[in-house]
Amino acid sequence: MRILLCFMLGVYSVGILSYALSEAYTADAGCATCFKGEKAFAGGAGTTGPDNRVVNLRYATTQNGGGFLGADATKISQVISGAANDWNTHRDNNQNTTPFNFQPNQNISQMNVNIVLVPKISDHPNACMQLLAAPDKNTGEITSATLYVTTAALANRTVDELKLLMDHELGHFIGLRDNYNNAQCSSIMSQAHDGCVPYAKGIQTGDVAKVRDYVSNPEGCWDKRGAKPHNIVSGGGYTDPNPIPDYYPRTCYYFYDAVDIYVSCDCRGGQRYVGTVYYLTDVFCNY
Amino acid sequence: MVKKFIALTVLCTLLAIGISLYSSKASMQTQTIPEDQLGTLHGFAMDAQSRGEYEIDLAKTIIFEDAVSLDAAIANYTVLAATPIAKQSYVLDNYSIGTWYKFRVNETLAQKPLMLCSGCPSPIPDTVPPDMLPLNAGEILVLQPGGSQLVDGVTINISVADFPDFTLNQKYLLFLNLDASRSIGSLQVGPAGAYMVDNYGGLSPIFQLESGDNPVWDGLTAQYGSNLNQLRNTLNPPPPPPTCDQVEEQSCYDRGGTWIFNGCYCREPNPDPCTQQPWREPAMDCGPAY
């Protein structure tokens, strides 16, 4: 009897352990996704091999073109160092880091990610940072990128907040897609709130694992980086010459089916009306 | 021995050249551009020209506002069905290309005031291209990041991850941070706030989704069957069915009449052909037919 109980307890324990491990694995792998069909950045100056691909991060210093000067330079240096350290040290569940090695490097001839200060990001005015990646036309390899930081973000956000934002943007450089479901997933690629404060709590094990997937098998990733190019439109664009006027408020017509309910009775016709049930069958609005 | 030495030297030289080329490959494009032009559209054009290229593709990624859930999106944003009828890409400043769309609003399902957060720049652009104006009644403008423009003889195509361009004359369901006073909307939640609408009200996302990737879409699917009509009926329920006086209605039936719901009146029965009076009970004998 004791042996049987021990056996059952053992089976139960193994089951619980398996379940816990599978949940942990799912949490690790479930949120981050990567860009499909492109070649990962091979590494800049200082690269020693495919498992040590150096990404040189440089911030602009010009007086009249996106430069970080004085206190701004000090702050962005802290942000860059922090973000580089985040990516270089975080590991996946198997204790592997990504094959990328981020390095602050002000040598302009060696930079791979150029960090520029801009008054605003005009195509999405309440954004704080944006990454513009340049894939090689022939090979599809991501060769370099420009990371835009707004003056408002630099002034109003803390170093830690900016570091999370930069972690997110550098995640794009090394292949990660945005994540739109912060409520159920935790990933550095989550979206923001209150303008540009990231929800993310930092780089997750799943993020590191997905970067490794991106490098080793980009065809196994989810979707391409550029959704599709916009069509070129010129000459003021197409305008409908006869637009249909639109008036407010619109008028909608609701059509009901009415079904009368009768019960049998001792009366003329043998049935007595007791009520009507209405069903909405169609709606027509004058758009 | 000498031959071996020469061979070794040549090998080392080739190796050094190879390593040098490999390590500088990614930074070659920056060599020919003035530092103050790095990251600008002019800089990208100069870089392309230096390689003999006249068209370049750049891929942009943006952190959008997290929609959190469908209910939160409905609570915070203006929800409308609208159709783009015109679009035009512009160089917005030294760094950005954006595409303005003129949408004709088909219907407004929920209207919310413009949402601003403290310490954030306004999500609404300060200026609008004059050639997108004037707006007719029921038209709005929306700026989408990216687009294509000719800069210094080079066509620069900027696409945004997950956010394809809108198709003209295709109806969309949009969640917008809308400045109603200026009729300008911001796609603040990005592609998670735009869905195509088919002729039957069916909705589909504009970007490829993994299951559970987009809580707004999950909500539209789970709560409204991915259908605009169901969403509309919930957000703007139809007026209650017409109510008529039930006693009068019953009396109409008792007289043998037909109750007309749309107007709440009784169409009296045809009169008794014998008496030319309304039918009475019991039915009277008409007598012999002639």
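Preceding block: the structure.
Here's what I pulled together on the structure shown here. The residue numbering used here restarts from 1 in each chain and proceeds along that chain's sequence as written. Lettering of chains starts at A and numbering of ligands starts at 1, both following the order in which they are written. This being a predicted model, a pLDDT of at least 70 is required before a residue's local features are given, and a value of 80 or more before pairs of side-chain atoms are given or counted; all residues contribute to the totals for chains, interfaces and linings. The basis for every side-chain value is the complete set of non-hydrogen atoms in the structure, without hydrogens or water.

1. Re helix 2 (residues 71–89) of chain A
Turning to step 1, where the next piece is worked out: Helix and strand assignments follow DSSP, with helices taken as H or I runs no shorter than four residues and strands as E runs no shorter than two, numbered in order from the N terminus. Between the first and last residue of a helix there are one fewer steps than residues, each counted as 1.5 Å, and that sum is the expected span. In a regular helix each residue adds 1.5 Å, so 19 residues correspond to 27 Å; helix 2 of chain A covers 27 Å between its end C-alpha atoms and thus fits that length.
Turning to step 2, where the next piece is worked out: Whether a residue is buried, partly exposed or exposed follows from its accessible area with a 1.4 Å probe, protein chains only, as a fraction of its type maximum: under 20%, in between, or over 50%, in that order. Within the span of helix 2 of chain A, buried status applies to Ala-73, Lys-75, Ile-76, Val-79, Ile-80, Gly-82, Ala-83, Ala-84, Asp-86 and Trp-87 of chain A.

2. Some words on a nonpolar patch on the surface
All names here are of chain A.
Turning to step 1, where the next piece is worked out: Candidate patch residues must exceed 30% relative accessible area and have no salt bridge, after which like charges are joined if within 9 Å and Val, Leu, Ile, Met, Phe, Trp or Tyr side chains if within 5 Å. Only the protein chains shown count as covering a residue, and every accessible area follows the Shrake-Rupley method with a 1.4 Å probe. What counts as a salt bridge is simple: a side-chain nitrogen of Lys or Arg found within 4 Å of a carboxyl oxygen of Asp or Glu. The grouping of Val-259, Ile-261, Val-263, Val-274, Val-277 and Tyr-279 at the surface amounts to a nonpolar patch, some 460 Å² of accessible area in total.
Turning to step 2, where the next piece is worked out: Counting residues per element, the ones that place at least two in the nonpolar patch are strand 8 (252–264) and strand 9 (271–285).
Turning to step 3, where the next piece is worked out: If you trace the backbone, Tyr-279 turns up in strand 9.

3. Focus on the interface of chain B and chain A
Turning to step 1, where the next piece is worked out: Across the boundary between the two partners, chain B contributes 105 residues, which contact 98 residues of chain A.
Turning to step 2, where the next piece is worked out: When chain B packs against chain A, the two sides together hide about 8,700 Å² of surface, and 51% of this comes from carbon and sulfur.
Turning to step 3, where the next piece is worked out: Two parts lose some accessible area (1.4 Å probe) when they are put together, and adding that loss for both gives the buried area. Looking at the side of chain B facing chain A, the largest losses of area belong to Thr-61, Ile-63 and Tyr-95 of chain B, adding up to 8% of the total buried there.
Turning to step 4, where the next piece is worked out: A salt bridge links Arg-177 of chain A to Asp-162 of chain B; the nearest nitrogen and oxygen atoms lie 3.0 Å apart.
Turning to step 5, where the next piece is worked out: Pairs of N or O atoms within 3.5 Å make up the polar contacts considered here, provided that, within protein, one atom can donate a hydrogen while the other can accept it, and that residues adjacent in sequence are counted only when both atoms are side-chain atoms. Summed over the shared surface of chain B and chain A, the number is 17 residue pairs in polar contact (both at pLDDT 80 or more).
Turning to step 6, where the next piece is worked out: Among the elements that take part in the side of chain B that touches chain A, strand 3 (residues 97–110) of chain B stands out by supplying nine residues, more than any other. Whether two residues touch is decided by their heavy atoms; if any such pair falls within 4.5 Å, the residues are in contact.

4. A short note on the state of the cysteines
Turning to step 1, where the next piece is worked out: Note on disulfides: each one is a pair of cysteine sulfur atoms within 2.5 Å. Going through the model one piece at a time under the given rule, you end up with three disulfides over all chains.
Turning to step 2, where the next piece is worked out: Two residues, Cys-34 of chain A and Cys-221 of chain A, share a disulfide whose sulfurs are 1.9 Å apart. On the sign convention where negative means left-handed, the S-S torsion of about -90° between Cys-34 of chain A and Cys-221 of chain A marks this disulfide as left-handed. Placement of the pair is Cys-34 of chain A in the loop between helix 1 (2–29) and strand 1 (53–59) and Cys-221 of chain A in the loop between helix 5 (205–216) and strand 8, with a sequence separation of 187 residues.
Turning to step 3, where the next piece is worked out: Here Cys-34 of chain A falls in the buried class, since its relative accessible area comes to 3%.
Turning to step 4, where the next piece is worked out: Taking relative accessible area as the criterion, Cys-221 of chain A reaches 7% and is therefore assigned buried.
Turning to step 5, where the next piece is worked out: At a sulfur-sulfur separation of 2.0 Å, the disulfide partner of Cys-244 of chain B is Cys-264 of chain B. Given an S-S torsion of about -70°, the disulfide between Cys-244 of chain B and Cys-264 of chain B has left-handed geometry. In this pair, Cys-244 of chain B is assigned in the loop between helix 5 (228–235) and helix 6 (246–254) and Cys-264 of chain B in the loop between strand 11 (258–260) and strand 12 (265–267), connecting sequence segments 20 residues apart.

5. Notes on the environment of Ala-73 of chain B
Turning to step 1, where the next piece is worked out: Along the chain, Ala-73 of chain B turns up in helix 3 (residues 70–76).
Turning to step 2, where the next piece is worked out: The contact partners of Ala-73 of chain B, leaving out residues within four places of it in the chain, are Ala-67, Phe-175 and Val-216 of chain B.

6. Brief notes about the environment of Lys-201 of chain A
Turning to step 1, where the next piece is worked out: When you line up the elements, Lys-201 of chain A lands in the loop between strand 7 (197–198) and helix 5.
Turning to step 2, where the next piece is worked out: Spatially, the C-alpha atom of Lys-201 of chain A lies 7.9 Å from that of Leu-164 of chain A, the residues being 37 residues apart in sequence.

7. Brief notes about the pairing of strand 5 (residues 142–150) of chain A
Along a regular strand, successive side chains alternate from one face of the sheet to the other.
All names here are of chain A.
Turning to step 1, where the next piece is worked out: Strand 5 sits mainly inside the fold: nine of its nine residues count as buried.
Turning to step 2, where the next piece is worked out: Bridge count for strand 3 (residues 113–118) against strand 5 is six bridges, and the pairing is parallel. Within strand 5, the residue paired with Val-113 across the bridge is Ala-145.
Turning to step 3, where the next piece is worked out: In this description, strands pair whenever DSSP reports at least two bridges between them. Both strand 4 (residues 129–135) and strand 5 contribute to a ladder of seven bridges, which runs antiparallel. Considered in strand 5, the bridge of Ala-134 is made with Ser-144.

8. Examining the pattern of salt bridges
Turning to step 1, where the next piece is worked out: Counted according to the given criterion, the structure contains 13 salt bridges over all chains.
Turning to step 2, where the next piece is worked out: We note a salt bridge from Lys-210 of chain A to Asp-213 of chain A, for which the minimum N-O separation is 3.6 Å. Residue Lys-210 of chain A and its partner Asp-213 of chain A are located together in helix 5, separated by three residues, close to a single helical turn.
Turning to step 3, where the next piece is worked out: A relative accessible area of 19% means that Lys-210 of chain A is categorised as buried.
Turning to step 4, where the next piece is worked out: With a relative accessible area of 35%, Asp-213 of chain A lands in the partly exposed category.
Turning to step 5, where the next piece is worked out: A salt bridge links Arg-51 of chain B to Glu-53 of chain B; its shortest N-O distance comes to 3.1 Å.
Turning to step 6, where the next piece is worked out: For Arg-51 of chain B, a relative accessible area of 42% corresponds to the partly exposed category.
Turning to step 7, where the next piece is worked out: Beyond isolated ion pairs, a larger network of salt bridges with shared partners links Asp-47, Arg-51 and Glu-53 of chain B.

9. Details of the nonpolar core
Turning to step 1, where the next piece is worked out: One finds Ile-76, Trp-87, Ile-115 and Met-166 of chain A to be the most contacted residues of the largest nonpolar core, which totals 49 residues.
Turning to step 2, where the next piece is worked out: For this core, the element with the highest residue contribution is helix 2 of chain A, accounting for seven residues. Grouping buried Ala, Val, Leu, Ile, Met, Phe, Trp, Tyr and Cys residues that are joined through side-chain atoms within 4.5 Å yields what is termed a nonpolar core.

10. Description of the sheet that holds strand 5 (residues 147–151) of chain B
Turning to step 1, where the next piece is worked out: Spatial ordering of the open sheet is given by 2(A)-1(A)-3(A)-5(A)-4(A)-1(B)-6(B)-5(B), a layout of eight strands whose pairing is mixed. Two strands in the sheet have a free side with no partner beyond their single neighbour: strand 2 (100–104) of chain A together with strand 5 of chain B. When the angles between neighbouring strand axes are averaged without regard to direction, this sheet yields 25°.
Turning to step 2, where the next piece is worked out: By the bridge criterion, three bridges tie strand 1 of chain A to strand 3 of chain A in an arrangement that is parallel. Across the sheet, Leu-57 of chain A pairs through a bridge with Val-113 of chain A, a residue of strand 3 of chain A.
Turning to step 3, where the next piece is worked out: Contacts from helix 4 (residues 159–173) of chain A reach strand 1, strand 2, strand 3, strand 4 and strand 5 of chain A together with strand 1 (55–62) of chain B, with the element oriented near 20° to strand 4 of chain A. Working convention: axes come from line fits to C-alpha atoms, limited for helices to the stretch in contact. Angles between N-to-C directions cover 0 to 180 degrees.

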